Amino acid sequence: MAGQLLVRVYNVGLGDCIYLRVPDKNRDVHILIDCGNKFGGTDLLGECISHLKEELDETETNKKRLDLLVVSHPHEDHHKGFEAEFFEDIRIGNLWLSPAYDRQNPNAKGFYALQNAARRALTNLSAVAFGDLKEEVEELLSLSKDEAIDMLCNILPEANGIQPRYVSTGTPPEQLQIFEDPTIKLSILGPMEDIDSYYFGGEGLQVTNRLNASAELSDGYDSILGDPGSVEVKLPRNISTQDFKNLRSRVHMNALALAEIAGHAVNNLSVILLLEWHGRRLLFPGDAEWHETRNGEVKKGRANGSWNVMWQERRADLSRPLDFLKIGHHGSENATPWTSKKLRSGKVHPINQILDALLPLPQPGQLASAHAVASTKRTSRWPSIPNAELMAELGRRIANVRAEYVEPPSRKSVPANTPQPQRTDLEAQLTDTPEKPVPYLEFFFS
Amino acid sequence: MPKKSKKTKENELEGPQKPWKTGSAIELTKPTKKGLYQVYSLLDKQTCQKVGLMMEIPVFIKDPLVALENPQLGVQEIWLRLENGMGDGPTSSRVAVVDFNADTQTLNEPVMWDEDEFWFISPEKKEWLQKPPSKRIKRLEVYRDFIEKAIRDPHFHQVNVWAVVQRVLEFYEAPQALGRPVPWGFDGNRLIIVPHAGYGENAFYDHDSKSLQFYYCGDLEKPVYTCLSHDVIAHETGHAILDGIRPMYNRLSSVQTAAFHEFIGDLTAILLALHNRDIREAVNKSTQGILSESNLFAELARQFGKEVEGREYLRTALNDYTMQSVQNSLSPHLVSQVLTGAMFDILIRIAARHLEKNAAEPPDSEEAVPNEPSRQVSPAQSLWWAADRFRRVALGPLDLCPPCDIQLLDYARAVLRNDILTNPIDRQGYREIMLDVFHKRGLCTCGYEAGRNLPDNCEFEEAFLWDDSDFVYHDIGSVSRSRTAAYYFLNDNRKPLRIPHHQDVRVVDLYDNNKYGIGNDRLPRELVLEYAWQEEVVLTNDLENNLDFGDWNGKTYNLDCGGALVYDDRGNLLSWSRRPGTEHIPDAREQSILERIKAWKDNPQQADSLKIKKPTKLELAELHDLEIGRQRKKDLLNYLSTMIRRNLVGSALTENRFSEELRPVIATDTDGAVNFEIASHLRMNDFDVEEEGWPVNY
């Protein structure tokens, strides 16, 4: 398959691990996007990396050459596999990370204040929780896996003598140039550079400066979501200690809601990559979400969905059909800009125009030519991943469909005989050894 | 620390001057004041204001966004009762503000109360809480400066949220509404208010912690504080009040019961807006008293809605929803809009009719009626009349509602019954308007046409016809004295009340009220007796009938049954609403009655000659209620099955009630008996997920 562009989607359970081999002028460029999963240990991820090494060229130092590592966002299912031992014999040429990893980003103060507040709230809840609740909260706390963040931001860059690049639409094109052939383009469609403005409803530092002059609640993010440190909570004088204790434990539960908001914010900071190779267009949107605004529009002063922002700011890039789509967020309904919900007028929701542009429905008598894949796994914990309706809709728009998959019938499953995209979790049903999961799905483009 | 009490007078606080005139317009000695305080309930509002038994507290009358856009609807002073024992927080007899922030783990300093000067002091700055600039000040920047300071001042927030909650409580307790002290639904008498509970797109009433919790959201540099939104506070206080007067409505029984909770929340916000002079004036200016255009009353929680929902209004009372258009919905918010819309229609139409019949004609009008000058009203007066009338029409019926599993039709019937009791003659034909609106909203589909008699099968007939001849009479005075006495009364009337013999019926509540009628006349005292019992229902999968209870197959749940009786102080039955069960007629007796009905229907002469006892009116009524009870049971099973299938129910054991995928209903299982509990509004829209929900992110 020399000369062909390869996309390999490893089956890592509920998570992403995607390898791209892109033929360049004089060599193949090797790219890895994410390596993580939600459940289970890292053994499987280690095996995937070992397998991947077979594809990589050797360098003069006897290491394997990985030209570009992209990590879309700091969630376990996208970066859990970044263990030192898996990468010690790989030389990484470039490291692109989501700006969500960059704690010093002046445009993401609000974002970080929220992440910190969510973490603190969960930590507080963990301290008063017990039993199942404690387990749940600790699982949420481990969602971002701090060791992986350290590995990506510090250890791997140091080992490879490179600096991590926190990429956004504002990253200068020359810094994104990894191909010799100038016609091959790897573009960043999201997130926008001004994170707080677009994804957090803030207006950046200007507002901070203006309001810093006034005291009380408006003197910056920290006063709203500040760190209380070791300050002991005073007891109120107008209710009993018992009532206050009870109140505190109930108010703590808001931590879960806060964690949810923070989680959405991280998803929306996913690096969105568009690879254009000899007329082929491949899109890797991480877990970018869309929001159901009335016209799919971006609203000032609100936390906006990444797809909504992209449709406003990078419409030209999204206006032509794709050859490949990595289905976002493992097939959840909030990460592919399409909904079956109708407006009150009976019209389809305006957000659908994004999917119509990227994966248009084939004309009568024509066959779809694009490909799409869902790196997914159905679990009892989140039974609506992937979303059945969305899978069926995507099945109408792409070439690599499977109508043969069989899921246990439930409201969440895709009904039998419904064409749907290839899925990492079900593809093994079509092999002679269905009990053995397929290790990956591959797609070639020429 | 700021100087308090007597020291205050010796050493004036720093900062701006005291923003009000101390005490009352009339100088009174302490004993006189005490004497007046003791007869507070007998004095009218104007007197209370003059003699210093009430105080004016500044609050946002809509929210900060509206305040900055429209100075007329900014901060307004509202009159509240000045209670003995007011304290820091603020803390009053029924409400205590505790400014605990769970995100920062801090307890903000409470605003302080000066018991000599009857005013609030900010603790850090040692300043008096400021009052808004006079409306006479035309300079916009002065006004904006005050608003912006208020938005940033946590102590203003504390006072704002306390005052609005207090105002809602007083509004409900007034003789024009319920005419009685309103209890809270929890074990205690002080509702805790948390104005800055943390960051989140939420505000909710939490029964378990006896609290209303208000969060802030949006841009953290200038967050949207839900504790500053009048509509949000009123809505949530509405939940707390309904939980107090009808605690069983929080049990999971039907989408309509949950919808009724939302309806009361929205209705409370609308009523408070209607009773606000500035809002009425603004509405009147833009509509000339005609409310049929989208206007301020209907714009509930504008700012909050804008922030959270991404649309202009969180919900609107101007809608066309009918029972039929929402019949497959599990969303309480959506279903509630049928009733909110219906009541708003009634408001619009009675206001229009009042204006039409009493409008002041311009002097040169040919149609002017010079002989009836006293009947002439301006649009503004008409709007005030409509607001006052609507309060009685909408809140008076609450005491007439059944204690459990209320359906929207029950409330609509109560509205009519209450109107019959308080406005028996109905010269203006308002009842016809109500009947027309309720039928148009599909609460009854009998084919009623306005101006004609009710068809025989009309669901509202019950509001007009009354018969308590089968009841065993007890002296109403003794019934009202204790719950046990009330139980004796119930027990003697098990059959006419359709209470099963084997059920240990419970007196849920017993109280009386003193309400004002249409012309502020004092109505006869009403005694309300609520009773309830529970019937066991087995959750059995029945795929033919589309019943699938998932993990709860084979478990049992309870069907809540009961009623509310309202008597006047002479012992006349004024109203009886009920949610009947299925066990009040044993099978054999049911069979016997059915056979006798058949015999009399097939061949009356033969039945008579065979001396077959003719079914009595009571027996027919018992059978009728049995039919309703069976339908209720069926509806309950369908509702639970649908909720479970749509993944809206989580198990406290297997998924953990605190799971990140928090479901709106949590099931707890005790020895096979399952209890479905509605989670506090931890996420306001969870029920609204008509399709598969997506609360997960990782």
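Residues numbered from 1 in each chain as written. Chains lettered and ligands numbered in written order. Predicted model: local features only at pLDDT ≥ 70, side-chain atom pairs only at ≥ 80, totals over all residues. Heavy atoms only, no water.

Here we come to the overall build of chain B. Broken down by element type, chain B carries 22 helices and 20 strands. Residue burial in chain B is summarised as follows: out of 698 residues, 60% are buried. Summing over all exposed atoms, chain B offers an accessible surface of approximately 28600 Å²; the carbon and sulfur share of this is 48%. (Helix = DSSP H or I, 4+ residues; strand = E, 2+ residues; numbered from the N terminus. Buried < 20%, exposed > 50% of the residue type's maximum accessible area, 1.4 Å probe, protein only. Areas by Shrake-Rupley, 256 points an atom, 1.4 Å probe, with all protein chains shown as cover.)

Attention shifts here to the sheet that holds strand E7 (residues 185-190) of chain A. All names here are of chain A. One open sheet accounts for seven strands, arranged E7-E8-E9-E10-E11-E13-E12; its pairing is mixed. With partners counted over all chains shown, the strands left at the sheet margins are E7 and strand E12 (401-402), one partner each. For E12 and strand E13 (residues 420-423), the ladder comprises two bridges, and the chain directions are antiparallel. Of the residues in E13, the one forming a bridge with Arg402 is Gln420. The sheet contacts of helix H15 (residues 388-395) involve strand E11 (371-374), E12 and E13, and relative to E13 the element is tilted by about 105 degrees. (Pairing = 2+ DSSP bridges. Contact = heavy atoms within 4.5 Å. Axes fitted to C-alpha atoms, helices over the stretch in contact; angles between N-to-C directions.)

Okay, the pairing of strand E16 (residues 556-568) of chain B next. Residue and element names in this part refer to chain B. Counting buried residues in E16 gives twelve out of 13 residues, a clear majority hidden from the surface. Pairing between strand E15 (residues 526-538) and E16: 13 bridges, direction antiparallel. Bridge assignment links Leu527 to a residue of E16, and that residue is Tyr567. The antiparallel pairing of E16 with strand E17 (residues 573-579) creates a hairpin that spans four residues between the two strands, and Gly571 there sits at a positive phi of about 90 degrees.

To describe a pair of aromatic rings, you give the distance between the ring centres and the angle between the ring planes. Counted under the stated rule, the structure contains 28 aromatic pairs over all chains. Joined through ring pairs, the aromatic side chains of Phe284(A), Phe324(A), Phe443(A) and Phe445(A) make up one cluster. Between Arg81(B) and the ring centre of Tyr37(B), over which it is positioned, the NZ or CZ distance is 5.0 Å. In this arrangement the basic side chain of Arg578(B) is found over the ring face of Trp576(B), its NZ or CZ atom lying 4.2 Å from the centre. (Phe/Tyr/Trp six-rings, centres within 6.5 Å; stacked < 30°, edge-to-face > 60°. Lys NZ or Arg CZ within 6 Å of the ring centre and 35° of its normal.)

On to the sheet that holds strand E6 (residues 165-166) of chain A, then. Residue and element names in this part refer to chain A. Taking strand neighbours across the sheet as the criterion, the seven strands line up as E6-E5-E4-E3-E2-E1-E14 in an open arrangement whose pairing is mixed. Lying at the two open borders of the sheet, with one neighbouring strand each, are E6 and strand E14 (440-445). Note that strand E1 (residues 5-10) and E14 share six bridges and pair antiparallel. Within the sheet, the bridge partner assigned to Val7 lies in E14 and is Phe443.

Further remarks concern helix H13 (residues 408-422) of chain B. Since the α-helix advances by 3.6 residues per turn, residues separated by three or four positions end up pointing in the same direction. Taking 1.5 Å of rise per residue, 15 residues should cover 21 Å, and H13(B) covers 21 Å from first to last C-alpha, within 8% of that figure. Burial of H13(B) is extensive: 14 of the 15 residues sit out of reach of the surface. (Expected span 1.5 Å × (residues − 1).)

The next thing to look at is the environment of Glu427(A). Residues and elements named next belong to chain A. One can find Glu427 in the loop between E13 and E14. If sequence neighbours within four positions are ignored, Glu427 has contacts with Arg402, Tyr405, Gln422, Val438 and Leu441. Separated by 2.5 Å, the side chains of Glu427 and Arg402 make a polar contact. (Polar contact = N/O pair within 3.5 Å; in protein donor to acceptor, adjacent residues only side chain to side chain.)

This structure, assessed with the given rule, holds zero disulfides over all chains. Lacking any disulfide linkage, Cys17(A) is separated from the closest cysteine sulfur, that of Cys35(A), by 4.0 Å. A relative accessible area of 1% places Cys17(A) in the buried class. Not engaged in a disulfide, the cysteine Cys401(B) finds its nearest cysteine sulfur in Cys404(B); these two sulfurs lie 12 Å apart. In this structure Cys401(B) comes out as buried when scored by relative accessible area, which is 1%. (Disulfide = S-S within 2.5 Å.)

So, about the pairing of strand E19 (residues 665-670) of chain B. Residue and element names in this part refer to chain B. Where E19 meets strand E20 (residues 673-678), six bridges bridge the pair, whose relative direction is antiparallel. When the sheet's bridge partners are listed, Thr670 is paired in E20 with Ala673. In sequence, E19 turns back onto E20 through a hairpin of two residues, with Asp671 there showing a positive phi of about 50 degrees.

Within the largest apolar cluster, 179 residues are counted, with the highest numbers of intra-cluster contacts made by Tyr411(B), Phe438(B), Leu565(B) and Phe676(B). In contact with Phe438(B), not counting residues within four places along its chain, are Ala342(B), Met343(B), Ile346(B), Ala412(B), Val415(B), Leu416(B), Leu443(B), Cys444(B) and Phe460(B). Counting 30 residues, the second-largest nonpolar core is a separate cluster that includes Val9(A), Leu68(A), Trp277(A) and Leu282(A). (Core = buried A, V, L, I, M, F, W, Y, C linked by side-chain atoms within 4.5 Å.)

On to the pattern of salt bridges. Residue and element names in this part refer to chain B. Taken as a whole and judged by the stated rule, the model has 58 salt bridges over all chains. In this structure, Asp405 engages Arg579 in a salt bridge whose closest nitrogen and oxygen atoms are separated by 3.1 Å. Taken together, the residues Asp405 in the loop between helix H12 (379-395) and H13 and Arg579 in strand E17 connect sequence positions 174 residues apart. Each member of the pair, Asp405 as well as Arg579, carries the same accessibility label: buried. Across the salt bridge formed by Asp436 and Lys440, the nearest N and O atoms sit 3.1 Å from each other. Of this pair, Asp436 and Lys440 both sit in helix H14 (residues 430-440), four residues apart, which is roughly one turn of that helix. (Salt bridge = Lys/Arg side-chain N within 4 Å of Asp/Glu carboxyl O.)

All names here are of chain A. Together, Asp43, Glu47, Glu85 and Glu88 make up a negatively charged patch on the protein surface. Inspection of the secondary structure puts Asp43 in helix H1 (residues 43-53). Owing to a relative accessible area of 60%, Asp43 belongs among the exposed residues under this scheme. (Patch = residues over 30% accessible without salt bridge, like charges linked within 9 Å, V, L, I, M, F, W, Y side chains within 5 Å. Lys, Arg positive; Asp, Glu negative; His and termini not counted. Charge placed at Lys NZ, Arg CZ, Asp CG, Glu CD.)

Mapped onto the secondary structure, Glu677(B) falls in strand E20. With 508 residues separating them in the primary sequence, Glu677(B) and Leu169(B) have C-alpha atoms 26 Å apart.

Keep in mind these numbers describe shape, not what the thing actually does.
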